[in-house]
Each structure stands twice: as C-alpha cells, then as structure tokens.
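# Examining the three-dimensional arrangement
Here is what each chain is made of, one letter per residue.
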Amino acid sequence: MSFYINGVEPDIVGKQCKGFYLIQQQEGETITDPANVAYLKFDEEWQKLCFDGETIFWKSGESPSEPVNTCLTSSLVLVNLNEFKGVVSHVLKAVGYESNNESVSAIFEFVDGVTIKFQHHSYDDYTSINC
C-alpha cells in the first residue's frame, strides 16, 4: 500500500509544539478510534492531521473544539494532551511517513526522545497512536 498527502504538509520541523489534542471516537464505553483526528500547534497555528484509506490529510488553521454529539451509543470526544510529556514545549525533530499492506503512518520525533506514531488501519478504518 502506498500513501498520498492531501493538503499542504506544514513546515513544522525544528519548531516548538505548543498544543496537542486528539478527537477519539467511542461506541458506548469502548474507544473504537483512538486518534480519529490529531491537532498539533506550532507557531501559534493549529495543524490538523487525519487519515482516510491511503490518504494522509493536513489542514492548517482549524483549532480543536468540543464535538457536538447527538446520542450516547456513538460519540466523538476531545482529549486534551497538553500535559503529555515530551511533546508540548518540545521541538519537533522530524516527521516521517510509511506504509505497508494494511496501514499508513505519520511519525513525529521530538528532540527529547519522544516519538509518536499515528497509524491508520485502512481496512478496519481506525487510527491508533503509539508513543
């Protein structure tokens, strides 16, 4: 599986992260999509990262907000990760991408050794996050 980037990949390498949020999808009490959307803030501008199939989407300028849900059986939840160690207030060293037969990934490496991997599992349509 190859991957495609939709939107303009932001110029964020070498810059300090100033915010980190996720939107997760839940079915009842179970998290079914841990990283449906990721928001990272650099240079006072939010960068939105999400996936669909083989496509990695980047969008600048959209800030995270609390999703509006209409029922309890399926909902989206905003998760504030501004206190996540090694990300906010740290400089981004590199961003890389990879793919295999079942997934596409975006990998963020911070200067203090923290690496975050967003892996979109295309066939099951969810995005995991590994640190």
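Note: the structure precedes this text.
Residues numbered from 1 in each chain as written. Predicted model: local features only at pLDDT ≥ 70, side-chain atom pairs only at ≥ 80, totals over all residues. Heavy atoms only, no water.

In this section: the sheet that holds strand β1 (residues 4-6). Sheet architecture is open: six strands sit in the order β1-β5-β4-β3-β2-β6, paired in mixed fashion. On the outer flanks of this sheet lie β1 and β6 (74-80), each paired with one strand and no other. Strand-to-strand, the axes of this sheet are offset by a mean angle of 25 degrees, without reference to chain direction. Pairing between strand β3 (residues 30-42) and strand β4 (residues 45-52): five bridges, direction antiparallel. Residue pairing across strands places Y39 opposite K48, the latter belonging to β4. (Pairing = 2+ DSSP bridges. Helix = DSSP H or I, 4+ residues; strand = E, 2+ residues; numbered from the N terminus. Axes fitted to C-alpha atoms, helices over the stretch in contact; angles between N-to-C directions.)

Let us now look at the pattern of salt bridges. In the structure shown here, the tally under the stated rule is eight salt bridges. Note that K15 and D43 form a salt bridge whose closest N and O atoms lie 2.9 Å from each other. Of this pair, K15 sits in the loop between β1 and β2 (17-27) while D43 sits in the loop between β3 and β4, and the two are 28 residues apart along the sequence. We classify D43 as partly exposed; its relative accessible area is 47%. For the salt bridge of E62 with K59, the shortest nitrogen-to-oxygen distance reads 3.5 Å. Here the salt bridges share partners, and the residues they tie into one network are D11, K15 and D43. (Salt bridge = Lys/Arg side-chain N within 4 Å of Asp/Glu carboxyl O. Buried < 20%, exposed > 50% of the residue type's maximum accessible area, 1.4 Å probe, protein only.)

Coordinates in, geometry out; function isn't part of it.
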